[in-house]
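Close look at the chain arrangement
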Amino acid sequence: MLNKNNDFTYIEGGVCAAQGFLANGLNCGLNGDPQKNDLGLVFSPAMCNVAAVYTQNKVKGAPILVTKKHLAATGGKARGVVVNSKNANTCNADGEEKAERICELAAAELGIPADEMIVASTGVIGQPLPIEPFETHMKALAEGLSEGGNGRAANAIMTTDTIKKEVAVRFELDGMVCTIGGMAKGSGMIHPNMATTLNFVTTDVKISSQMLQKALSEIVKVTYNCLSIDGDTSTNDMVSVMANGLAGNGEITAEGAAFDTFKEGLYLVLMNMTRMLAKDGEGASKLLECTVKGAPDLDTAIIVAKSVIRSPLFKCAMFGEDANWGRILCAIGYAEADFDIDKVSVDLASDKGVIGVCRNGAGIPFSEEKASEVLSADEIYINIDLMQGEAEAKAWGCDLTYDYVKINGDYRS
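What comes next is a walk through the structure. (Residues numbered from 1 in each chain as written. Predicted model: local features only at pLDDT ≥ 70, side-chain atom pairs only at ≥ 80, totals over all residues. Heavy atoms only, no water.)

**Digging into the side chain of Ser-85**
Take Ser-85: it is sitting in the loop between strand E5 (77-84) and helix H2 (95-110). The residues touching Ser-85, leaving out its near neighbours within four places in the chain, are Leu-30, Lys-36, Asn-37, Asp-38, Thr-122, Ala-156, Ile-157, Met-158 and Thr-159. (Helix = DSSP H or I, 4+ residues; strand = E, 2+ residues; numbered from the N terminus. Contact = heavy atoms within 4.5 Å.)

Written as structure tokens, this is what we have:
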């Protein structure tokens, strides 16, 4: 047990925290390092309602096309997710054929129809995906499924990630104990306007496909869509949520108190994974969290927060621990939203203190020594008040460092 937030308790277990979910991961040979898993599987013997959102890039990985087709065929139901790293299976002439074959291999071992599988890939774009590693390792992958396999699966989806990203929360609905858990990967090629990474969420809550999709779409808007590492939107981005209903709560089929509670739990899982993704940005040394309050509406708050968090100049200033607040005002100023810049205030904060740098759209005196101390922390908070309403939103990112260029200069090697 890690901590509590109101009636939600953070627990261990990732995608296996919810009742009835099994997972596994192993190295099948796509990654030359035998200590690094590159093939993962998540499975629920009970049928799940599924919701998903996908990249808005016009170039879409073959796994996304196959997953969409499968969910359309089953009416939004699935029981398993099979995912590989190291190769994105994107821009390949035989990509869909390979993605379908991977589903068939997994389904055969699990004893289910192939269209009850979701498939995902991440890694280098434009390289043919060899099918042999899947054919020779799928049996072992399925046989190794367990309630404690979440860590092996989370390791399998990592690319340039430096840490596994898992979150789970527990709460009650209708007197029944319910759980939502997830795992995520992503470190670079991350930018707003979709899921930005690969993210798999499981829950034992009983909820209709329609309400599950509504909850996911609303929460993605204020979590993953407010994350930016480097301005590039990937071709394989996906968030999926599988709900097997084993918690035994009354099915959520409409808006109301139960739906709101479920959304809050989903927000906690996705928000925490979003922060993990931002903090583990390629080459990053600092997590940046921008909060915009006092906005006339939610969309304005989101637009302004995202504008700041994705500014390359601001990200470089944070790497240099330079309180160059003019770059923040610049980014606020070109945000495509309607507000009065002359009312804006800005503070910079960390666990080392708070400094005010701007009031009413203009700079105010502050101690450069104190500013350097505040910005020396590894988590920096940019707090903006537009003074023009009640809406509030957050966006997440990281600083831009020398190591980002080094990592992406030889990504294919």
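The discussion continues.
**Here's the deal with the sheet that holds strand E11 (residues 287-295)**
Strands in a sheet are paired, the pairing made by backbone hydrogen bonds, and the direction either parallel or antiparallel. A sheet is described by the order of its strands in space; here six strands give the open sequence E14-E13-E12-E15-E11-E16, paired in mixed fashion. Among the strands making up the open sheet, the edge pair consists of strand E14 (362-363) and strand E16 (391-398). Its contacts with the sheet put helix H7 (residues 298-309) on E11, strand E15 (379-385) and E16, and the angle it makes with E16 is roughly 20°. Its contacts with the sheet put helix H8 (residues 312-319) on E11, E15 and E16, and the angle it makes with E11 is roughly 125°. (Pairing = 2+ DSSP bridges. Axes fitted to C-alpha atoms, helices over the stretch in contact; angles between N-to-C directions.)

**Regarding the packing of H2 against helix H3 (residues 132-143)**
The geometry of H2 relative to H3 is characterised by a closest axis approach of 9 Å and an angle of 35° between their N-to-C directions. Our pair here, H2 against H3, has a crossing hand that is right-handed. Where H2 abuts H3, its residues Arg-101, Ile-102, Leu-105, Ala-106, Glu-109 and Leu-110 lie against Phe-134, Glu-135, Met-138, Lys-139 and Ala-142. A class-by-class count of the residues in the contact of H2 with H3 yields seven nonpolar, no polar and four charged. (Left-handed = near helix turned anticlockwise from the far one by under 90°. Nonpolar A, V, L, I, M, F, W, Y, C, P; charged D, E, K, R; others polar.)

**Brief notes about a negative patch on the surface**
A cluster of acidic side chains, namely Asp-7, Glu-172, Asp-260 and Glu-264, defines a negative patch on the protein surface. Within the secondary structure, Asp-7 sits in the loop between strand E1 (4-5) and strand E2 (8-10). (Patch = residues over 30% accessible without salt bridge, like charges linked within 9 Å, V, L, I, M, F, W, Y side chains within 5 Å. Areas by Shrake-Rupley, 256 points an atom, 1.4 Å probe, with all protein chains shown as cover. Salt bridge = Lys/Arg side-chain N within 4 Å of Asp/Glu carboxyl O. Lys, Arg positive; Asp, Glu negative; His and termini not counted. Charge placed at Lys NZ, Arg CZ, Asp CG, Glu CD.)

**A word on H8**
Buried residues of H8: Phe-314, Lys-315, Ala-317 and Met-318, and no others. Looking down the long axis of H8, one finds its buried residues gathered within 160° of arc, a one-sided arrangement. Those residues of H8 that are buried lie in contact with E11, H7, helix H9 (326-333), helix H10 (368-375), E15 and E16. Glu-321, located one to two residues past H8, shows a positive phi value of around 55°. (Buried < 20%, exposed > 50% of the residue type's maximum accessible area, 1.4 Å probe, protein only. Arc of directions from axis to C-beta.)

**Observations regarding the nonpolar core**
Formed by 77 residues in total, the largest nonpolar core has its most connected members in Leu-270, Val-346 and Ile-384. Element by element, the count of residues in this core is highest for helix H6 (residues 257-279), at ten residues. Setting aside residues no more than four positions away along its own chain, Val-346 makes contact with Ile-328, Leu-329, Ile-332, Ile-355, Gly-356, Val-357, Cys-358, Arg-359, Ile-382, Asn-383 and Ile-384. (Core = buried A, V, L, I, M, F, W, Y, C linked by side-chain atoms within 4.5 Å.)

**Details of the pairing of strand E4 (residues 39-54)**
Every regular strand shows the same layout, with side chains that alternate between the two sheet faces. With respect to burial, E4 is a largely interior element, 13 of its 16 residues being buried. As paired elements, strand E3 (residues 22-26) and E4 share five bridges and run antiparallel to each other. In the sheet register, Gly-25 faces E4, and the bridge partner there is Gly-40. Alignment of E4 against E5, held across seven bridges, turns out to be antiparallel. Counterpart to Val-42 in the pairing with E5 is Val-81. Two strands pair when backbone bridges link them, and E4 and strand E10 (residues 238-243) are joined in this way by six bridges, in the antiparallel orientation. In the sheet register, Asn-49 faces E10, and the bridge partner there is Ala-243.

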